[in-house]
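Coordinate inspection notes
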Amino acid sequence: MRQLLLATLALSAGAASAHAQSLRPFSTYRQWHGETRLLARLEYAAGSLRVTAARPAELYRMDALYDEGRFDPVSDFDASTTAVALGVRAEGGGGLRVDSKGQPRQTAAVTFSPRTDLSLAVTLGAADADLELGGLRLTDLDLQAGASRATVRFAEPNAARCRMASLRAGAAELTVLGLGNSRCERIAFEGGVGRVTLDFGGTWTSDSRVSVKMALGEMTLRLPRAVGVRITPDRILSSFDPAGLVRQGSSYISPGYDRAARHLDIALTTAMGNVEVVWEEP
Amino acid sequence: MSARRRLVAVIALLAIVFPRTAIAGPRLDPTGTRSLKLVHGFWTLVAEASEPSVADSTGQAARPVPQAIPPAEAGGPRVSLDDLSQPGAIESQLRTALRPEDDRLRLTVPNGTARLGDFSIAANESMPGHLLVVQGTADIFGKLLGNLVTVGGDVVLHPGSVVSGDILTLGGEVRDQGGEIGGEVRSFRSTSLLGTPLQAASGGPGAVALVFRRGAGVAGAFLTLCALGLGLVLFGRQHLEVVSDTVSHSFGRAFTSGLLGQILLLPTFGMLVVGLVLSVVGIVLLPFVVVVYVLLVFVGGLGGYLAVAHAMGETYTRRRLALGVMLGSPNSYRYVLVGLGALATPWLAWALFGWVPVAGELIRGAAILVTWLLGTAGFGAALLSRAGLRENFAGRLLPPEALTDEYLWATPQFGVSAAKRPGARTPPRGL
């Protein structure tokens, strides 16, 4: 106990001093001038990232603390296409160097206007990301997660119809919560190695088609009872536990699938790994 | 205790005791570090409050006199503000341009204006072109038809103001109070661009401004100490008088004790921490003990310094009384005020003449030395008298009765020497 206390004390003191060494604060934003559409490209190489809805008066904002010696902040708005590039990228555009414990930890908070249709592309390196996209007007989502741990949430229903949500994860731990609130017509996930949780909870207002491709890893599908679910697995060496699903040909459907007002069709392709189905009670 | 436990204890001790280096970012310091800064900060307080060349952590240095930066000659420094999307490149250009070899700043901003010091655009004013403000705040009430860059200063957008282009702050922030920004805002709240204060080619801040600035700093420190001193007299007069007497009657011992005390401060602290680390209860108590220790040192130093002021004021007042000068209220309040006034004198001299080359530095050095000497003596007196609790320690060579004010006007207790009769001849020695 005493050793634990001492070690915590020493580590916290050391971490605090490391934090203070070279982190530089950077802020960028743009006022909202009635833009109806924004193409946002968010590139975040390393550190901790949080994305939420912005204040109505701002089109976007990023407040970052970045490691001046290794990274450069990105903030570039193109008025002709209403496109913005934000984030923190490795200095010189070179490859990403993995953080060590002695290096200061970067942070960034990015917000987007809830009044503008948003097409969002996010590229994560070695990042710890929390993306709260509920309440935005998301029309497209393209998420690429490298060696990162990311959580994408839709705590509130998407204020616009989303055409496509594309999620790609390398060696990542990815959790997507409230996909029902995303209002995306198509959802595509491609995973390499890692642990993935796809939660289809939320308020479903339309049918949705989901494509899930997982190479190696552990996947959890959290399904709502209120929606008719069909899972069509295509697996090689992976295990799939269709708990609560009824087999119909090459697919598995939830009881009452035909009578359900909304349908969720999942095409599941897995190579090696484990797929688990968990039901969410209403 | 096993070797492993000792190792962990030593690591924890080092992590706590050793000062942090290169603290640059916005962060919260542990309480102990802050308190240590307070202990060591008396003359730093005076210096920082009044020294114009010390840039603060955000990169905002003291403001120079507002003036235009004249354009450079052909081939001279040139910074284009047309595209602010690469702030790193702008900062790199400015880094070169803002370090003139002859300390006279000249800079060309194509399609724009460069200013040194605070700058504002009036409400009914419309300024075309880009604007660069160095070491100053840009107050925008009217319209700026271009990009805006500040170095070591904020941008304040007042209601109704307009900046049609982008805004970039290096070592400052944008305070939008209701203005309209056509472009993008980028803010670096810190910058290393302004290591030293700049001076435009047309002139620079005058000695008068420097005197006022330093004078204000000294006055601020003086008033703070006066408030603390009067509070100490009000609530701890007896202790203050005992420490003051100790300084008066055992100055040498007080100074020696203070010097030793200063030398032993850190080792004592280290031993205290090690002692506490060896027990579970001690680890829990460690943060509180650290805070209390630092507070005690701070109170000891400050109280001792005020006690020195009290002693000086008392000595001066008694001498004047002895000369027959009628003084309104010869009490501890007066002593402290008079003493602090005397202690502030060298700093006042520095404030007035610190701008004089060489002599100014000498005066400053003398002021620091005097302050340290007296502060050390005060600290030592506080130690010797146990912060005024040990009343009989003053190293008095005279009985306590002799220290009352009565001897100044009452019949001396050791008798009155007989007056010589006019015209009487002094008998020769030996008869």
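What you see is a predicted model, and the numbers here were worked out from it, not measured in a lab. Each chain has its residues counted from 1, running along the sequence as written. The order in which chains are written sets their letters, starting at A; the order in which ligands are written sets their numbers, starting at 1. Local features in this predicted model are restricted to residues whose pLDDT is 70 or higher, and side-chain atom pairs enter the listing and the counts only when it is 80 or higher, whereas totals over whole chains, interfaces and linings include all residues. Only hydrogens and water are set aside; all other atoms, that is, all heavy atoms of the structure, feed into the side-chain values.

Re the overall build of chain B
Helical segments are the DSSP runs of H or I of at least four residues, strand segments are the runs of E of at least two, and each set is numbered from the N terminus. Looking only at helices and strands, chain B has 9 helices and 14 strands in total. Burial status follows relative accessibility: with a 1.4 Å probe on protein chains alone, a residue under 20% of its type maximum counts as buried, one over 50% as exposed, and anything between as partly exposed. Out of the 431 residues belonging to chain B, those deemed buried represent 42%. Residue burial considers only the protein chains on display, and all accessible areas are found by Shrake-Rupley using a 1.4 Å probe. Split by element, the accessible area of chain B, about 22,700 Å² in all, is 64% carbon and sulfur.

Considerations on the overall build of chain A
Counting its secondary structure elements, chain A contains 2 helices and 16 strands. Contacts are residue-level and defined by heavy atoms, with any inter-residue pair within 4.5 Å sufficient. Within chain A, contacts between residues separated by at least 24 positions form 60% of all contacts whose residues are at least 6 apart in sequence. Put simply, chain A shows about 12,000 Å² of open surface, and 52% of that area lies on carbon and sulfur atoms.

Considerations on the side chain of S254(A)
Within the secondary structure, S254(A) is located in the loop between β15 (251–253) and β16 (263–280). Apart from residues lying up to four places away in sequence, S254(A) is in contact with V227(A), G228(A), V229(A), L245(A) and W279(A).

Quick word on helix α4 (residues 87–97) of chain B
For α4(B), the full list of buried residues reads P87(B), I90(B), E91(B), L94(B) and A97(B). Buried residues in α4(B), looked at end-on, bunch into an arc of 125°, giving them a common side. Where the residues of α4(B) are buried, they touch β1 (23–31) of chain A together with β5 (130–134), β8 (148–151), β11 (167–170) and β14 (184–188) of chain B. Think of it as the arc spanned by the lines of direction from the helix axis to the C-beta atoms.

Considerations on helix α9 (residues 359–384) of chain B
The end-to-end C-alpha distance of α9(B), which contains 26 residues, comes to 37 Å, matching closely the 38 Å that a straight helix rising 1.5 Å per residue would cover. Of the residues flanking the end of α9(B), it is R386(B), one or two places downstream, whose phi is positive at about 50°. In this scheme, a helix's expected span is set at 1.5 Å multiplied by one less than its residue total.

A closer look at the packing of aromatic side chains
Side-chain rings of Phe, Tyr and Trp (the six-membered ring for Trp) are treated as a pair once their centres are within 6.5 Å; stacked means planes under 30 degrees apart, edge-to-face means over 60, and tilted covers the remaining angles. Counted by the stated rule, this structure contains 7 aromatic pairs over all chains. Between Y66(A) and F188(B), the ring centres sit 6.3 Å apart and the planes meet at 70°, which makes this aromatic pair edge-to-face. Of this pair, Y66(A) sits in strand β3 (residues 58–67) while F188(B) is found in strand β14, placing the two residues in two different chains. As far as the burial class goes, Y66(A) and F188(B) line up, both buried. With 5.2 Å between their ring centres and 40° between their planes, F269(B) and Y293(B) make a pair best called tilted. Taken as a pair, F269(B) in helix α6 (residues 251–277) and Y293(B) in helix α7 (residues 280–322) lie far apart in primary sequence, 24 residues in all. The same class applies to F269(B) as to Y293(B), namely buried. Following the ring pairs from residue to residue traces out a cluster consisting of F26(A), Y66(A) and F188(B). Charge-over-ring placement is defined geometrically: NZ (Lys) or CZ (Arg) within 6 Å of the ring centre, and within 35 degrees of the ring normal. A cation over a ring is seen here: R115(A) above W32(A), with NZ or CZ 3.6 Å from the ring centre.

Considering the environment of A57(A)
Residue and element names in this part refer to chain A. Tracing the backbone shows A57 in the loop between β2 (37–53) and β3. Taking the C-alpha atoms as reference, A57 lies 8.9 Å from R30; in sequence the two are 27 residues apart. For A57, the residues in contact, after removing those within four places along its chain, are Q31, W32 and R115.

Some words on a nonpolar patch on the surface
Residues and elements named next belong to chain A. On the surface, a nonpolar cluster with roughly 510 Å² of combined accessible area is contributed by V193, L216, I236, L237 and M272. Relative to the elements of secondary structure, V193 occurs in strand β11 (residues 184–199). The exposure class of V193 is partly exposed, given its relative accessible area of 46%. Patches here are clusters of residues that have more than 30% relative accessible area and form no salt bridge, with a 9 Å joining cutoff for like charges and a 5 Å cutoff for nonpolar side chains (Val, Leu, Ile, Met, Phe, Trp, Tyr). Only one rule defines a salt bridge in this text: a Lys or Arg side-chain nitrogen within 4 Å of an Asp or Glu carboxyl oxygen.

Some remarks on the sheet that holds strand β6 (residues 138–140) of chain B
Backbone hydrogen bonds are what pair the strands of a sheet, in a parallel or an antiparallel way. Residues and elements named next belong to chain B. Read from one edge of the open sheet, 4 strands run β3-β6-β9-β12, paired in parallel fashion. One side of each edge strand has no neighbouring strand; the edge strands of this open sheet are β3 (119–121) and β12 (174–176). Across the sheet, the mean angle from the axis of one strand to that of its neighbour is 10°, orientation sign disregarded. For two strands to count as paired, DSSP must find a minimum of two bridges between them. Pairing of β3 with β6, which is carried by 3 bridges, proceeds in the parallel orientation. Bridged to S120 within β6 is D139. Note on geometry: axes are C-alpha line fits, over the in-contact stretch for helices, and angles between N-to-C directions span 0 to 180 degrees.

What to know about the sheet that holds strand β10 (residues 162–163) of chain B
All names here are of chain B. With respect to topology, 4 strands assemble into an open sheet ordered β4-β7-β10-β13, the strand pairing being parallel. Each of the sheet's edge strands pairs with one partner strand only, and the pair in question is β4 (126–128) and β13 (180–181). Bridge count between β4 and strand β7 (residues 143–145): 3 bridges; the pairing is parallel. Looking across to β7, one finds that S126 is bridged to K143.

Digging into the packing of helix α5 (residues 207–249) of chain B against α7(B)
Residue and element names in this part refer to chain B. Where α5 meets α7, the axes come as close as 7 Å, and the angle between the chain directions of the two elements is 75°. Overall, the two elements α5 and α7 adopt an arrangement that is roughly perpendicular. Contacts between α5 and α7 involve L225, L228, G229, L232, L240, E241, V243, S244, D245, V247 and S248 from the former and L302, G303, Y305, L306, A307, V308, H310, A311 and E314 from the latter. Relative orientations are named as follows: roughly parallel for angles under 35 degrees, roughly antiparallel for angles over 145 degrees, roughly perpendicular for angles from 65 to 115 degrees, and oblique for any other angle.

Here we look at the state of the cysteines
Every disulfide links exactly two cysteines, by a covalent bond between their sulfur atoms. Residues and elements named next belong to chain A. Our working definition of a disulfide is a cysteine sulfur pair at a distance within 2.5 Å. Per the stated rule, a full pass over the model turns up 1 disulfide over all chains. Disulfide pairing places C162 opposite C184 at an S-S distance of 2.3 Å. In this structure the cystine formed by C162 and C184 twists about its S-S bond by roughly 80°; its chirality is therefore right-handed. On the criterion of sequence distance, the pair formed by C162 in strand β10 (residues 162–177) and C184 in strand β11 is long-range, its members being 22 residues apart. Taken as a pair, C162 and C184 share a single burial class, namely buried.

With respect to the confidence of the model for chain B
Residue and element names in this part refer to chain B. By definition, pLDDT measures how confident the predictor is in each residue, and it falls between 0 and 100. Taken over all residues, the pLDDT of chain B has a mean of 78, while the share at 70 or more is 72%. Counting contacts from residues 10–59, a segment whose pLDDT is below 50, to residues more than four positions away or on other chains yields 79 contacts. Our summary of model confidence lists the complex with pTM equal to 0.57 and ipTM equal to 0.81.

Brief notes about the pattern of salt bridges
Working definition: two side chains of opposite charge can pair if their charged atoms are close together. Residue and element names in this part refer to chain A. Scanning the model with the defined rule gives 24 salt bridges over all chains in all. A salt bridge links D128 to R105, with the nearest nitrogen and oxygen atoms 3.7 Å apart. With a gap of 23 residues between them, D128 in strand β7 (residues 117–132) and R105 in the loop between β5 (83–90) and β6 (107–112) connect regions that are remote in the sequence. Judged by its relative accessible area of 25%, D128 is partly exposed. In this structure, R163 engages D140 in a salt bridge whose closest nitrogen and oxygen atoms are separated by 2.7 Å. Within this pair, whereas R163 is found in strand β10, its partner D140 is found in strand β8 (residues 137–145), the two being separated by 23 residues in sequence. Assessed through its relative accessible area of 18%, D140 is described here as buried. One continuous salt-bridge network, built from bridges that share partners, spans R55, E58, R61 and D63.

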